[in-house]
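Residue-level structure breakdown
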Amino acid sequence: MSKVTLKVNGQSHTVDIEPSTPLLYILRNDLGLQGPRFGCGLGQCGACTVIINGNAVRSCVLPASAAKGEVTTLEGLAQNGKLHPLQQAWIDEQVPACGFCQNGQILTAKVLLDKNPHPTDAQIRTGMASTLCRCMTYYRIQAAIKRVAKGAA
Amino acid sequence: MIDFTAIPPEVEAALASRRSFLKGAGLLVVTLSPAAAQAGPYPDPNFRQLDSWIVIHQNNTATFYVGKTDCGQGTGTAFRQMMADELDIAFDKTSIIMGSTDTTVDQGGSGGSDAIQADGWPMRRVAAEARRVLLQLASQRWSLPPDQLTVRDAVISAPTDPSKRLTYGELIGGKRFNVTLAGNNVNATTGVAKLKPVQEFKYVGQSPQRYDIPAKVDGSLKWAVDVKLPGMVHARNIKPPVAGAKLVSIDESSVRNLPGFVKVVSKGNYVAVVCEREEQAINAARRLKVNWEKPASAPFPASEDLFTFMRAAQPTSRSQPTVVGDVTTSLAGAAKVIEAEYDVPFQGHTAFGPAHAMADPSNGQLTIYSNDMKSYGMRNGVAAFLKIPRDQVRVVWMEGPQGFGRTAADDAGFEAAFLAKELNRPVRVQWMRDEETAWDTKGPAFTFKLRGGLDAQGNLVAFDYLAQAADYNHVGYNEADSVLIAQLMGIRRTPARGGGDEPDEMYSIPHRRMASEVVSLPLIWETPLRTGNLRDPNGPQVTFASESFIDELAAAAKADPVAFRLALLNAGTGDDSGFKRARSIACIKAAAQAYGWDPRPSPKRVSKGDILTGRGVAYSFRSQTVAAEIAEVEVNGKTGHVWVKRLVCAHDCGLVINPEGTRRTLEGAMLHSLSRALHEEVTFDTEKVTSVDWVTHPSLTHADTPAQIDIVLVNGDPNPNRPDLPHYGAGETACKPLLAAVANAIFDATGVRLRRVPFRDQRVLAALKAAGI
């Protein structure tokens, strides 16, 4: 066990854990966050996605001690009580079915649009391809992303 | 350092307050229901009491309590629309509580896409009854007959006297109705009020947004996976490495000194390790040394030999065939006879989040926090499994990943309950990905043999259908003696023989025989290939075979596939319950029109270049709901890759409660079946399942998503404006025709008929090469 300090959604936390513990379990069980979820533990599905240094990162396979930089989870996306445009688009398009994967969908889409504000349909398909949804809401997710991309300056 | 967060006190307080209300401790206590007074801490809410369904609050809002669960199709929103309309209250002044066994009546949770079709009726009737009672209360207070009163948005007034105005809240807010309802069972629950004609609905037919979505996109929703309790521990299972293996010994010293270790628990072949922290339990489960003895013989054939095995197997049961005319003689005299065999492998649920539950044994009771779609069944099953009185067990239903039948065989809930009792501490169980993908319940594999006969004019005169389903010992209803943990503990019941199944269509064919058989794999207990209810359990398989074969017959007749089907439907006489034939015709026509279908036989003359395009149609019904679907595909001749570029679905489920919600449900259903058509297959060797993650068991991705999906909501009822237009289910019908629509489109594009799913690139490429394309 050793002390690991994490900066999450603008707040600093120090936890005393086995440093190889995947970040996901710290976020969920020590910091009480509910956005990132366990889907596969293999980095294959995207349920556990967080944003670190502008990249979508799979927290289920990232040792907590390797989480260098500011961590943003779904809970940290809204600013001053205002939903991020992607979150609002998700509501406007009524995207989720069960909703379990949507943490990963929204955060992956944010990183995609931050890097490329006006993606083509093909770029959306490719950029989102490794973030799975088993209720198969892909069509609506893509519509929500396009809605935000169109609205972006 | 573990910083536990307890269940929010307000949640627990709300549940306790609700139980207290139901027991008669509301503000206006007239009588105590004897059953409730004598029962334990968690009695069954009485469906014959109006108070069990509806509470009017002092601020003139209403809460509806229903015994259903919403697996992401928006049924909770739809129930609110239906009940708000019958009660005459604004939709946004209502809320709904679902599926927790101590606070909502037992409507069975989810299953069979019957929420709107069946359970919606008692909900409408109790809401109408509440409106009637409220009008009666006002009538008594004002000494005016009820028919001289009007009600709008939960405000009752007397048009003859503007001074007379009372809100529902003023009349009864926070108090009990104390009205006894009638009905032999929960589905028959009724008061004496009449239902409204559908033309008077304000919210039904509109698309209010789903109330559950905001909390799902801002991270604030507390899911079943999020429940934390003081003193909780984490468990992980250790599954037999070979199906049917027997536990010989456990070397506890292999994990005893690991940090956070609490206990190894085993009974029969069930093994779990419990640790203080989640990652510790995962680590300990990986390291625990367990000695297993392999079974004497192979539990099943390898997946590549499955269909050969099934065709050679002696059936364990046969259905009574459906027979019309004399198919044998008709085939013998037919101008042209077509024969084909089709195969569908086992396909899994592979839920996006693996099975999970938390069980709390505090105070000698048992509370299970679960996403179980059949929470009431789990409560009964756990009580029987652990031999605890039912009224000491409750299931608190919370949201979870992807239902579709998996959580109707909710192994994790039973495991958490068992472990919580063993440790006398709250225990959280969650399966790992390989465990879930390998060991979840499976949709049964099918083989089919079809023969069809055409007369000299190309009319279909004979249709001979035989299905075999690997569906012996089907599970899926949370029984205490069928869940996996019970099997692993050596509990055996009489196997529930699954069924084969027959196609659901309304074609008029003069000579027809349809039969089905069930076959068994060698291992029927403790097997990862146990079958359960995977979203319309047999429909996608059966309709793949039957609607592909109808397409083969149309091609043999050199007929347009839409015209060929319409001819078979129009040849029928008379009608059937729910006007399914008329509605079948309406759906096929609507799909063809929405697509812009140009009549011609398939295949299209093979186009040049690497990308071959085509379109295919298929149709089916489920219960009373009809769906016709058209797929447009691009087949890459060099790679075998299939992209379904466009989908059209024309769908008739009677009265549509929430059109936008229905559209999304249908899109999801079609894409779920598209995943089964293109990707999904459970693979196994002769010892174990080998498809264990998203690489070895691929799923549809964003990259596969069609560029365009068109949904047409059809009302093909011969009297479309009737005031009692019924509302049917929409959760599963759209799953059925899709596989055949894609196969038919690939045939149209390439002239190659694919008779085995999934249509993975290498299989398609091999078929194209074999055909010289």
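Fair warning: this is a prediction, and the values are worked out from it, not measured in the lab.

Points about the domain arrangement of chain B
Along its sequence, chain B is carved into domain 1 (9-217), domain 2 (224-296 + 355-430), domain 3 (303-349 + 441-519) and domain 4 (558-565 + 572-770). Between the C-alpha centres of domain 1 of chain B and domain 3 of chain B there is a distance of 44 Å.

A word on the sheet that holds strand 3 (residues 49-52) of chain A
All names here are of chain A. Strand order in this open sheet of 5 strands is 2-1-5-3-4, and the pairing throughout is mixed. Every other strand in the sheet has two partners, leaving strand 2 (11-17) and strand 4 (55-58) as the edge strands with one partner each. Averaged over all pairs of adjacent strands, the angle between strand axes in this sheet comes to 40°, irrespective of strand direction. On top of the sheet, helix 3 (residues 102-115) reaches strand 3 and strand 4; it is set at about 30° to strand 3, its chief contact.

A few points about the pairing of strand 3 (residues 94-98) of chain B
All names here are of chain B. Burial along strand 3 is one-sided: the face carrying Thr-94, Ile-96 and Met-98 is buried and the face carrying Ser-95 and Ile-97 is not. Examined bridge by bridge, strand 2 (residues 62-66) and strand 3 share 5 bridges and lie parallel to one another. Its bridge partner lying in strand 3, Thr-63 is registered against Ser-95.

A closer look at the sheet that holds strand 24 (residues 611-622) of chain B
All names here are of chain B. On the basis of which strands lie adjacent, the open sheet formed by 4 strands has the order 24-25-26-27 and mixed pairing. Because the sheet does not close on itself, it has two edges, and the strands there are strand 24 and strand 27 (708-713). Going across the sheet, the axis of each strand differs from the next one's by a mean of 15°, ignoring polarity. Here 10 bridges tie strand 25 (residues 625-636) to strand 26 (residues 642-652), and the two strands are oriented antiparallel to one another. From the neighbouring strand, Ala-631 faces strand 26, where its bridge partner is Leu-647. Contacts from helix 16 (residues 580-595) reach strand 24, strand 25, strand 26 and strand 27 within the one sheet, and its direction differs from that of strand 26 by about 140°.

Side note on the nonpolar core
Residue and element names in this part refer to chain B. Formed by 266 residues in total, the largest nonpolar core has its most connected members in Val-273, Ala-416, Cys-587, Ala-591, Val-742 and Ile-746. Here this core gets 11 residues from one element, more than from any other, and that element is helix 4 (residues 115-142). In this structure Ala-591 touches Val-617, Ala-628, Glu-629, Ile-630, Val-648, Cys-649, Ala-650 and Val-712, once residues within four positions along its chain are discounted.

Procedures and definitions
Residues numbered from 1 in each chain as written. Chains lettered and ligands numbered in written order. Predicted model: local features only at pLDDT ≥ 70, side-chain atom pairs only at ≥ 80, totals over all residues. Domains from an automatic or database assignment. Pairing = 2+ DSSP bridges. Helix = DSSP H or I, 4+ residues; strand = E, 2+ residues; numbered from the N terminus. Axes fitted to C-alpha atoms, helices over the stretch in contact; angles between N-to-C directions. Contact = placed C-beta atoms within 7 Å. Buried ≥ 20, exposed ≤ 12 C-beta atoms within 10 Å, placed from the backbone. Core = buried A, V, L, I, M, F, W, Y, C linked by C-beta atoms within 7 Å.

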